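Examination of the molecular architecture
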Amino acid sequence: MPYNAKDYSRLLGMEGFSDTLLKNHFTLYQGYVTNTNKLIEISSLMVKEGKTGSPEFAEVKRRFGWEFNGMRLHEYYFENLGGRGGLGKNTKLFKKVSEDFGSYEAWEKEFKAVGAMRGIGWAILYQDHLTKQLFNFWINEHDGGHPSGCTPILILDVFEHAFMIDYGLKRADYIEAFFKNINWKTVEERIG
Ligand SMILES: [Fe+2]
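Residues numbered from 1 in each chain as written. Predicted model: local features only at pLDDT ≥ 70, side-chain atom pairs only at ≥ 80, totals over all residues. Heavy atoms only, no water.

Here we take up the sheet that holds strand S1 (residues 122-128). Pairing in this open sheet of 3 strands is antiparallel, and the strands run S2-S1-S3 from one edge to the other. Single-partner strands in this sheet number two, and they are strand S2 (134-139) and strand S3 (150-157). When strand polarity is set aside, the average angle formed by the axes of neighbouring strands in this sheet is 25°. Where S1 lies against S3, 7 bridges are found, and the strand directions are antiparallel. For Gln127, the partnering residue across the bridge sits in S3 and is Thr151. (Pairing = 2+ DSSP bridges. Helix = DSSP H or I, 4+ residues; strand = E, 2+ residues; numbered from the N terminus. Axes fitted to C-alpha atoms, helices over the stretch in contact; angles between N-to-C directions.)

If you want it as structure tokens, here you go:
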């Protein structure tokens, strides 16, 4: 199996996130890993059996982006959690967001506003690999809308499963809790 589900149980007990919510979320993530592996296997089997021209093969290939990104984005999301305290003013990331958005506050305001948008999806701070420019992106389903050649820096899951158990419809409160638990050290390591 090319991918193994990672263990994020270190996040249990995190302030503002119940264990029930987190455990459900881990299970959901494990499903993406299982399905990513399954699709890799099915795809190679279909090639061997000469079924590449079939609608089933096309569906497997289309689905792959959804399962793979669902797996990877959850890993980035869980990994950018579990920290304490805000982003230090002397960090490279603080300086970079201040430069690209006018101020740290302006960046945070926009990022939170993206996370609060109606609909299910992801708010992602992306960095363009070529120009180093940072952008806040809205991504709906995992398989569409990702900017080519950009690196995900900070990932916020705003699918309902990420917050409804604890917050109901109060997504803004969940986003506040998310910000209190960002692991800025990990986030900082992602920027180029
Ligand atoms: Fe999720």
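Turning our attention to the packing of aromatic side chains. Within the structure shown, the criterion is met by 23 aromatic pairs. Here the aromatic rings of Phe64 and Phe68 are separated by 6.0 Å at their centres, their planes lie at 50°, and the arrangement is tilted. Of this pair, Phe64 and Phe68 are both found in helix H2 (residues 55-79), 4 residues apart, which corresponds to roughly one turn of the helix. On the basis of relative accessibility, which here comes to 28%, the residue Phe64 falls in the partly exposed class. Residues Tyr126 and Phe137 carry aromatic rings whose centres are separated by 5.6 Å and whose planes lie at 85° to one another, so their mutual orientation is edge-to-face. Highlighted residues: Tyr126 in strand S1 and Phe137 in strand S2, separated in sequence by 11 residues. Pairwise contacts between aromatic rings join Tyr8, Phe26, Tyr29, Tyr77, Phe78, Phe94, Tyr104, Trp107, Phe111, Phe178, Phe179 and Trp184 into one cluster. Across from the ring centre of Phe179, 4.8 Å away, lies the NZ or CZ of Lys112, which sits over that ring. (Phe/Tyr/Trp six-rings, centres within 6.5 Å; stacked < 30°, edge-to-face > 60°. Buried < 20%, exposed > 50% of the residue type's maximum accessible area, 1.4 Å probe, protein only. Lys NZ or Arg CZ within 6 Å of the ring centre and 35° of its normal.)

The protein atoms that coordinate the iron ion are His25 (NE2), His74 (NE2), Asp157 (OD) and His161 (NE2), at distances of 1.9 to 2.1 Å. Taken together, the 4 donor atoms coordinating the iron ion and their angles of 89 to 135° define a geometry best described as irregular. When the donor residues of the iron ion are listed from N- to C-terminus, their spacing reads H-x48-H-x82-D-x3-H. One end of the pair, His74, is in helix H2; the other, Asp157, is in strand S3, and 83 residues separate them in sequence. (Donors = N, O, S within 2.8 Å, 3.2 Å for Na, K, Ca; no water. Tetrahedral: all angles 85-135°; square planar, octahedral: opposite > 155°, others 65-115°.)

Attention now goes to the pattern of salt bridges. A complete count under the given rule lists 9 salt bridges for this structure. Here Lys6 and Glu79 are joined by a salt bridge, their closest N and O atoms 3.6 Å apart. Taken together, the residues Lys6 in the segment before helix H1 (19-48) and Glu79 in helix H2 connect sequence positions 73 residues apart. Given the relative accessible area of 22%, Glu79 is considered partly exposed. As a salt-bridge pair, Arg84 and Glu15 come within 3.8 Å of each other at their nearest N and O atoms. Highlighted residues: Arg84 in the loop between H2 and helix H3 (92-101) and Glu15 in the segment before H1, separated in sequence by 69 residues. Looking at Glu15, the relative accessible area reads 51%, which means it is exposed. (Salt bridge = Lys/Arg side-chain N within 4 Å of Asp/Glu carboxyl O.)

Below, the discussion takes up H3. For H3, a buried count of 7 out of 10 residues is recorded, marking the element as mostly surrounded by other parts of the structure. By the burial criterion, the buried members of H3 are Leu93, Phe94, Lys96, Val97, Ser98, Asp100 and Phe101. The secondary structure elements touched by the buried residues of H3 are helix H4 (104-115), S1, S2, S3 and helix H7 (184-190). Phi turns positive one or two residues past the end of H3, at Gly102, with a value near 95°. (Contact = heavy atoms within 4.5 Å.)

Once that is clear, we can look at helix H6 (residues 171-180). Of all the positions in H6, only Arg171, Tyr174, Ile175, Ala177, Phe178 and Phe179 are classed as buried. Elements that come into contact with the buried residues of H6 comprise H2, H4, S2, S3, helix H5 (164-167) and H7.

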